[in-house]
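# Observations on the model geometry
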Amino acid sequence: MEQLFLATGIALLLLMALSLYRVIAGPTILDRILGGNVIGTKTTVMLLVIGVLYDNVGMFVDIAIAYAMLNFIATLGATKYFLRRKSIHLEDSP
């Protein structure tokens, strides 16, 4: 069973690397924000998988919930900032 969670953790790391590509090479700011949000969500799941591997799920659930809330607030803040700045669509123009 431990091998299954280890394989899941490795798969999550690979998926996070793909999302990191979207953050770096995203054509628009919104793509970059969404890529960062996906990385944060996968990190939350990764924390839970680590909790199962260390047989201490209770502590890692608390950390994962706090991290998920921070990720959500940061995403909302960044989105609201760039929507107010009206600079989201500057990268789309030639």
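No experiment lies behind these values; they were computed from the predicted model shown.

### Some thoughts on the overall build of the chain
- When you go through the chain residue by residue, the secondary structure sums to 3 helices and 0 strands.
- Each helix and strand of the chain, ordered N terminal to C terminal, gives the series α-α-α.
- A compact globule built from 94 residues should have a C-alpha radius of gyration of about 12 Å, whereas the chain, at 16 Å, is more than 25% larger.
- Expressed along its principal axes, the backbone C-alpha trace of the chain runs to roughly 50 × 25 × 10 Å.
- Looking at the 94 residues of the chain, the share that counts as buried comes to 26%.
- Taking the intrachain contacts of the chain between residues at least 6 apart in sequence as the baseline, contacts between residues at least 24 apart amount to 57%.
- Of the accessible surface of the chain, which amounts to about 6,600 Å², a share of 73% is contributed by carbon and sulfur atoms.
- Averaging the coordinates of the 7 positive side-chain charges in the chain and doing the same for the 6 negative ones gives two points 17 Å apart.

### Thoughts on the packing of aromatic side chains
- As enumerated under the stated definition, the model contains 2 aromatic pairs in all.
- Ring geometry for Tyr-54 and Phe-60: centres 6.4 Å apart, planes at 15 degrees, overall stacked.
- Given the relative accessible area of 63%, Tyr-54 is considered exposed.
- When its relative accessible area of 13% is taken as the criterion, Phe-60 is described as buried.
- Ring geometry for Tyr-81 against Phe-82: centres 5.1 Å apart, planes inclined by 75 degrees, an arrangement best described as edge-to-face.

Rules of the game
- Residue indices begin from 1 for each chain and proceed along its sequence in written order.
- Local features in this predicted model are restricted to residues of pLDDT 70 or higher, and side-chain atom pairs are both shown and tallied only at a pLDDT of 80 or more, whereas totals for entire chains, interfaces and linings draw on every residue.
- Water and hydrogen atoms were dropped before computing side-chain values, which therefore reflect all heavy atoms in the structure.
- To qualify as a helix, a DSSP run of H or I must reach at least 4 residues; to qualify as a strand, a run of E must reach at least 2; elements of each kind are numbered from the N terminus.
- In this setup the radius of gyration rests on C-alpha atoms only. A globule is expected at 2.2 Å times the number of residues raised to 0.38.
- Think of it in three bands: residues with accessible area under 20% of the maximum for their type are buried, residues over 50% are exposed, and the middle band is partly exposed, with areas taken using a 1.4 Å probe on protein chains only.
- In what follows, a contact means two residues having at least one pair of non-hydrogen atoms within 4.5 Å.
- Surface accessibility follows the Shrake-Rupley procedure with a 1.4 Å probe radius. Residue values consider only the protein chains on display as shielding.
- The positive count covers Lys and Arg only, the negative count covers Asp and Glu only, and His and the chain ends enter neither.
- Working definition for charges: the position is that of NZ of Lys, CZ of Arg, CG of Asp or CD of Glu.
- Any two rings among Phe, Tyr and Trp, with Trp reduced to its six-membered ring, count as a pair given centres within 6.5 Å; such a pair is stacked if its planes are under 30 degrees apart, edge-to-face if over 60, and tilted if neither.

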